[in-house]
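Listed below are the residues making up each chain.
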Amino acid sequence: MTTLSYAARDSMTMLRRNLKHAMRYPSMTVSVVAMPVMMLLLFNYAFGGALGSGIGGRSTGGGAYIDYVAPGIILMAATSGAVAVAVSVCSDMTEGIVNRFRTMSISRAAFLTGHVVGSVIQTLFSIAVVVGIALLMGFRPSATPLEWIAAAGVLALLVLALTWMAAAMGLVAKNVETASNMPMPLTFLPFLGSAIVPTDSMPTGLRWFAEYQPFTPVIETLRGLLMGTEIGNSALIALAWCVGLTLAGYLWARAAFGRSAKG
């Protein structure tokens, strides 16, 4: 077998390990789903009437407020998975299992690859659940099958980027509590974008931040694909952010894992 074949085999072993852990201890996966669902219920039923009338039909794609807010909450489900992978990686690092892995004849890359791929699968499953609940609540996207595939691709790329970033956070965190707190800004950053209301309704300073932060172009791309609203150059900017964050997270995680081996 080649080095690449060994790495792929060991990565699959680590992936199975992480998926089994997720099935045996589903509380973290449940929390990843629960937070976006609670936000969807809150903003649709408690604030939807006031916010929806203020936004108007143009921003909602001509539909109800849930048609505007659902893409933003779906993206929030993508960010929520970052907490789970940070905690999982940190738990393995602090409990000593990684030191045992290093004494075994397994690929060094397999540990992180298993965590990242496993978390991506769990987060995409959580997103599917949130989409299903949004549909039950009245979310009515007008997307074609091709547009659904494109939206899923954008979400998958964003999840991959955030997972690498969160894995790096888990590697540098001193304990599980710190690891659970470090990715929290990623979870709430969409609220400072166009997830809840359009950026043009915000004060000047906040509007500038909202328009240039990474999640706003992703939200606008998802909203355009699913609801037929204008996308403009948001898709290119969203892809650039996702690729950049993926590369940054991968390099950070690789460097942090290397430093932990020397320490």
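Figured I'd write up the structure that's included with this text. Sequence order sets the numbering: in each chain, residues are counted from 1 along the sequence as written. Only residues with pLDDT of at least 70 are given local features in this predicted model, and only at 80 or more are side-chain atom pairs given and counted; all residues enter the totals for whole chains, interfaces and linings. The side-chain values count all of the structure's non-hydrogen atoms but skip hydrogen atoms and water molecules.

**Description of the overall build of the chain**
To qualify as a helix, a DSSP run of H or I must reach at least 4 residues; to qualify as a strand, a run of E must reach at least 2; elements of each kind are numbered from the N terminus. Along its length, the chain carries twelve helices and zero strands. Counting from the amino terminus, helix and strand elements in the chain follow one another as α-α-α-α-α-α-α-α-α-α-α-α. Split into buried and exposed, the 263 residues of the chain put 48% on the buried side. By definition, residues are in contact when any of their heavy atoms lie within 4.5 Å. Pairs at least 24 residues apart make up 81% of the contacts formed inside the chain by residues separated by at least 6 positions. Accessible area of the chain: about 12600 Å², with a carbon and sulfur share of 67%. Each residue is placed in one exposure class: buried if its accessible area under a 1.4 Å probe, protein chains only, is under 20% of its type's maximum, exposed if it is over 50%, and partly exposed if it falls in between. Using a 1.4 Å probe, the Shrake-Rupley method yields the accessible areas, and only the shown protein chains count as cover for residues.

**Quick notes on a nonpolar patch on the surface**
For patch building, the residue pool is restricted to those with more than 30% relative accessible area and no salt bridge; the joining distance is 9 Å between like charges and 5 Å between nonpolar side chains (Val, Leu, Ile, Met, Phe, Trp, Tyr). Salt bridge criterion: a side-chain nitrogen from Lys or Arg within 4 Å of a carboxyl oxygen from Asp or Glu. Nonpolar side chains collect at one region of the surface, where L192, L206, W208, F209 and Y212 lie side by side and expose about 530 Å² of accessible area between them. Mapped onto the fold, Y212 is located in helix α10 (residues 204–212). Under the relative-accessibility criterion, Y212 is labelled exposed at 54%.

**Quick notes on the side chain of T221**
Relative to the assigned elements, T221 resides in helix α11 (residues 215–227). The exposure class assigned to T221 is buried, which follows from its relative accessible area of 3%. Think of a polar contact as two N or O atoms within 3.5 Å of one another; within protein, one of them needs to be a possible hydrogen donor and the other a possible acceptor, and neighboring residues in sequence only count if both atoms come from side chains. Within polar-contact distance, the side chain of T221 engages the backbone oxygen of S234 at 3.3 Å. The residues contacting T221, other than those within four sequence positions of it, are V154, I231, S234, A235 and A238.

**Examining the environment of M169**
Relative to the helices and strands, M169 resides in helix α7 (residues 145–172). With 84 residues separating them in the primary sequence, M169 and V85 have C-alpha atoms 9.2 Å apart.

**So, the pattern of salt bridges**
Under the criterion given, the structure shown has two salt bridges. Put simply, R207 and E211 hold a salt bridge, and the shortest N to O gap is 3.0 Å. In this pair, R207 and E211 are both assigned in helix α10, four residues apart and thus about one turn of the helix distant. Judged by its relative accessible area of 35%, R207 is partly exposed. Look at E211 and you get partly exposed, because its relative accessible area is 34%. E220 serves as the salt-bridge partner of R223, at 2.9 Å between the closest nitrogen and oxygen.

**Quick notes on the packing of aromatic side chains**
The relation between two aromatic rings is expressed through the spacing of the ring centres and the mutual angle of the planes. Each Phe, Tyr or Trp ring, with Trp reduced to its six-membered ring, pairs with another whose centre is within 6.5 Å; inter-plane angles below 30 degrees give stacked pairs, above 60 give edge-to-face pairs, and intermediate values give tilted ones. Scanning all chains against the criterion turns up five aromatic pairs. Measuring from centroid to centroid gives 5.2 Å for W164 and Y250, while their planes differ by 90 degrees, and the two rings are edge-to-face. On the criterion of sequence distance, the pair formed by W164 in helix α7 and Y250 in helix α12 (residues 234–262) is long-range, its members being 86 residues apart. With relative accessibility at 33%, the residue Y250 sits in the partly exposed group. Here W208 and Y212 contribute two aromatic rings whose centre-to-centre distance is 5.4 Å and whose plane-to-plane angle is 40 degrees, an arrangement assigned as tilted. Here W208 pairs with Y212, and both are found in helix α10, just four residues apart, close to one helical turn. Accessibility classification places W208 together with Y212 in one group, the exposed group. In textbook terms, an aromatic cluster arises when at least three aromatic residues are bridged by ring pairs, as seen for F43, F188 and F191. For a lysine, the NZ atom is tested; for an arginine, the CZ atom; a charge sits over a ring if that atom is within 6 Å of the ring centre and within 35 degrees of the ring normal. Over the aromatic face of Y68 sits the side chain of R223, whose NZ or CZ is 3.7 Å from the ring centroid.

**Quick notes on the nonpolar core**
Judged by nonpolar contacts, the single largest core of 63 residues is most densely connected at V69, I127, F139, L158, L171 and V218. Considering each element in turn, this core owes the most residues, 17 residues, to helix α4 (residues 65–95). In contact with L171, not counting residues within four places along its chain, are V89, M93, F111, L112, A253, A256 and F257. Buried Ala, Val, Leu, Ile, Met, Phe, Trp, Tyr and Cys residues that are joined via side-chain atoms within 4.5 Å together make up what is termed a nonpolar core.

**Notes on the side chain of T79**
As for its position among the elements, T79 is in helix α4. Given the relative accessible area of 0%, T79 is considered buried. Engagement of the side chain of T79 in a polar contact is seen with the backbone oxygen of M76, the distance being 2.7 Å.

**Focus on the packing of helix α2 (residues 27–46) against α4**
Look at α2 against α4: their axes get within 9 Å of each other, and the N-to-C directions meet at 155 degrees. By the angle between their directions, the pair α2 and α4 is classed as roughly antiparallel. In this structure, α2 meets α4 at a crossing whose hand is right-handed. Of the residues in α4, those in contact with M28, V32, M35, P36, M39, L40, F43 and N44 of α2 are Y65, I66, V69, A70, I73, M76, A77, S80, G81, A84 and V87. By the convention adopted, Pro, Cys, Tyr, Trp, Phe, Met, Ile, Leu, Val and Ala count as nonpolar, Lys, Arg, Asp and Glu as charged, and the other residues, Gly among them, as polar. Here the residues of the contact of α2 with α4 sort into 16 nonpolar, three polar and no charged. Each axis is a line fitted through C-alpha atoms, and for a helix only the stretch in contact is used; angles between axes span 0 to 180 degrees, taken between their N-to-C directions. Relative orientations are named as follows: roughly parallel for angles under 35 degrees, roughly antiparallel for angles over 145 degrees, roughly perpendicular for angles from 65 to 115 degrees, and oblique for any other angle. Should the near helix be turned anticlockwise from the far one by less than a right angle, the crossing is left-handed, and should it be turned clockwise, the crossing is right-handed.

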